[in-house]
Amino acid sequence: MTGPGPLKIVYLCAEDPRDAWSYSGGNARLFELVQTHLGDVVSIEGGWHGLGFLRRLVRRLPERIWLRLDWRLRVMLGRLIGWQLSRRLARLDYDVLFCTYGFQALAGVRPPEDTLTVFTSDAVPSVYRDSAVGRSFGSAVSASRRMDGYFDAAEGDVLRRTDLMLWPSAWLKDGVDARHDLSDTASVLVPWGANVTPPDRDSLVLGRPVGDPVRLLLVGRDWFAKGGPLAFETLMQLNRDGIDARLTVVGCTPPEAHVNEHIEVVGFLDRTQPDQLKRFTDLYHSSDFMVMPSYESYGFAFCEASAYGLPSLCLSVGGVPVVDGVNGHALAEGAGAAEFAAWIRHYRDDPERYAALRTSAREYYETTLNWEAWAAETRALIDARLAAKRAAHG
């Protein structure tokens, strides 16, 4: 435990926390951390209760439709579902209602006054929609734009009633604070960690130079969303410049136009299988740069790269956990292959600066991008806010 004693916690999420793949594994990891570091946990369904049949119907639609429709319908049904959930919560003995990812799970919910409601997510719909990340994916339901005001108001209502909000990125905290006028007491920046078992620092060769050939790595389930085309162009730019470079792709398959003798496509690796886990970790050890100009709200892969002292090159969009000159470089939106290749050449030609970047990337993981740090800060914040709330209520 990171605090003086275990808290009694109800864990609430719109998706089952036992699903290892929901929210890129983040939900399962958060559930595990709350159990191991914060207290005694009961997980309750954050779904639709007596209206579950509606949700099952929605999820028969194409994924790009139901992903957008599911949470909106949950918000619209919030008064009825929230009333049912509130009645269930009133029968439980707990200190903290800990909700993750979808704010809609809290729509219409009224927890007991002497409990603390905590929410953490890497995005909320309003900030995501109006960002470069949201614009890059567009809207699969154009009519939903007419309802933006309604859903923004519902989002603000939920967040202003939440006692403590833990945001993994300054991008999200700043956006939510400005939109919903949240205080720094309730809205706090607490970065998330890497969803890998970190290697021992002694196993890392942090002082080594960029290799020959230069080995680039991209990890993700969607080639286009992870910026695969720009990573491919960066690879080709390096080779046109006379630098032997190779790109290894894990988790997805590029289209034929982006496959040649310089690319190795590994495909999906199941990290629960020892041989595939070894292949995965070997790639982090042997690569020189993670090149992933993705459009996403966070990106656990960048945290994983930092755990291995692997510098990341990405775009400065969304809440990517990459700090310039610390664990890589986040280039301005619109940067092209020439700019990405220039940074790689820069560090290839300056081994000392590259070694320093690898070292600071690992240090940033050790101090910030790890779940132990998240759990310790989260426990301290919960203890302080819960004590203050109960003192205020006598």
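Everything below is about the structure shown above.
What you see is a predicted model, and the numbers here were worked out from it, not measured in a lab. (Residues numbered from 1 in each chain as written. Predicted model: local features only at pLDDT ≥ 70, side-chain atom pairs only at ≥ 80, totals over all residues. Heavy atoms only, no water.)

So, about the packing of helix 11 (residues 300–307) against helix 13 (residues 351–367). Contact geometry of helix 11 with helix 13 gives a least axis separation of 7 Å together with a crossing angle of 115°. The orientation of helix 11 with respect to helix 13, classified from their angle, is roughly perpendicular. Of the two possible hands of crossing, helix 11 and helix 13 adopt the one that is left-handed. For the pair formed by helix 11 and helix 13, the contact residues are Cys303, Ser306 and Ala307 on the first element and Ala361, Arg362 and Tyr365 on the second. Taken together, the residues of the contact of helix 11 with helix 13 sort by class into four nonpolar, one polar and one charged. (Axes fitted to C-alpha atoms, helices over the stretch in contact; angles between N-to-C directions. Helix = DSSP H or I, 4+ residues; strand = E, 2+ residues; numbered from the N terminus. Parallel < 35°, antiparallel > 145°, perpendicular 65-115°, else oblique. Left-handed = near helix turned anticlockwise from the far one by under 90°. Contact = heavy atoms within 4.5 Å. Nonpolar A, V, L, I, M, F, W, Y, C, P; charged D, E, K, R; others polar.)

One can describe the packing of helix 9 (residues 228–240) onto helix 12 (residues 337–348) by two numbers: an axis separation of 8 Å at closest approach and a directional angle of 55°. Judged by the angle between their axes, helix 9 and helix 12 are oblique. Both helix 9 and helix 12 take part in a crossing whose hand is right-handed. Counting all contacts with helix 9, which are made through Leu230, Glu233, Thr234, Gln237 and Leu238, the residues of helix 12 involved are Ala337, Ala338, Phe340, Ala341, Ile344 and Arg345. Split by residue class, the contact of helix 9 with helix 12 holds seven nonpolar, two polar and two charged.

What follows concerns the sheet that holds strand 9 (residues 263–267). One key point about sheets: their strands pair by backbone hydrogen bonds, in either a parallel or an antiparallel sense. Read across the open sheet, the six strands follow the order 9-8-7-10-11-12; overall the sheet is parallel. The open sheet is flanked by strand 9 and strand 12 (328–331), the only strands paired with a single partner. Here the average twist between neighbouring strands, direction ignored, is 25°. Where strand 7 (residues 214–219) lies against strand 10 (residues 289–291), two bridges are found, and the strand directions are parallel. Each bridged residue has a counterpart across the sheet, and for leucine 216 the counterpart in strand 10 is phenylalanine 289. Packing against the sheet, helix 9 makes contact with strand 7, strand 8 (245–250), strand 9 and strand 10, and its axis sits at approximately 160° to strand 8. (Pairing = 2+ DSSP bridges.)

A full pass over the atoms with the stated rule returns 21 aromatic pairs. Pairing tryptophan 343 with tyrosine 347 gives two aromatic rings, centres 6.0 Å apart and planes at 25°, and the pair type is stacked. Pair noted here: tryptophan 343 and tyrosine 347 are both in helix 12, with a separation of four residues, about one helical turn. We classify tryptophan 343 as partly exposed; its relative accessible area is 30%. With a relative accessible area of 3%, tyrosine 347 lands in the buried category. By the ring-pair criterion, three or more aromatic residues cluster together here, those being Tyr11, Tyr23, Phe31, Phe98, Tyr101, Trp192, Tyr298, Phe300, Trp371 and Trp374. (Phe/Tyr/Trp six-rings, centres within 6.5 Å; stacked < 30°, edge-to-face > 60°. Buried < 20%, exposed > 50% of the residue type's maximum accessible area, 1.4 Å probe, protein only.)

Our focus in this paragraph is the side chain of serine 312. Along the chain, serine 312 falls in strand 11 (residues 312–315). Exposure remark for serine 312: the relative accessible area of 0% places this residue in the buried category. If we skip the residues at most four places from it in the chain, serine 312 touches Met290, Phe302, Ala305, Val322, Asn327, Gly328 and His329.

Attention shifts here to the state of the cysteines. According to the stated counting rule, one finds zero disulfides in the structure shown. Cysteine 13 takes part in no disulfide bond, and the closest cysteine sulfur, belonging to cysteine 99, lies 6.5 Å away. The closest cysteine sulfur to the non-disulfide-bonded cysteine 303 is located on cysteine 314, 11 Å from its own sulfur. (Disulfide = S-S within 2.5 Å.)

In this section: unusual backbone geometry. Cis geometry is adopted by the peptide bond preceding proline 213, which originates at aspartate 212 and carries an omega value of 10°. The phi angle at tyrosine 101 is positive, at roughly 65°, despite the residue not being glycine. The residue tyrosine 101 is located in the loop between strand 3 (96–100) and strand 4 (116–120) in this model. Residues other than glycine seldom take positive phi values, yet aspartate 181 does so here, at roughly 55°. The residue aspartate 181 is located in the loop between helix 8 (170–180) and strand 6 (187–189) in this model.

Attention shifts here to a nonpolar patch on the surface. Nonpolar side chains collect at one region of the surface, where Phe53, Leu54 and Leu57 lie side by side and expose about 250 Å² of accessible area between them. The topology assignment puts phenylalanine 53 in helix 2 (residues 52–58). Relative accessible area serves as the criterion here: at 43%, phenylalanine 53 is assigned to the partly exposed category. (Patch = residues over 30% accessible without salt bridge, like charges linked within 9 Å, V, L, I, M, F, W, Y side chains within 5 Å. Areas by Shrake-Rupley, 256 points an atom, 1.4 Å probe, with all protein chains shown as cover. Salt bridge = Lys/Arg side-chain N within 4 Å of Asp/Glu carboxyl O.)

The next point concerns the pairing of strand 11. Of the two faces of strand 11, both are covered, the one formed by Ser312 and Cys314 as well as the one formed by Leu313 and Leu315. Strand direction decides the pairing type here: strand 10 and strand 11, joined by two bridges, are parallel. What sits directly across from methionine 290, in strand 11, is serine 312. Read from strand 10 through helix 11 to strand 11, the crossover connection turns out right-handed. Both strand 11 and strand 12 contribute to a ladder of four bridges, which runs parallel. Paired with cysteine 314 across the bridge in strand 12 is alanine 330. (Right-handed = clockwise from strand over helix to strand, strands pointing away.)

Functional significance is not addressed by these values, which are geometric in nature.
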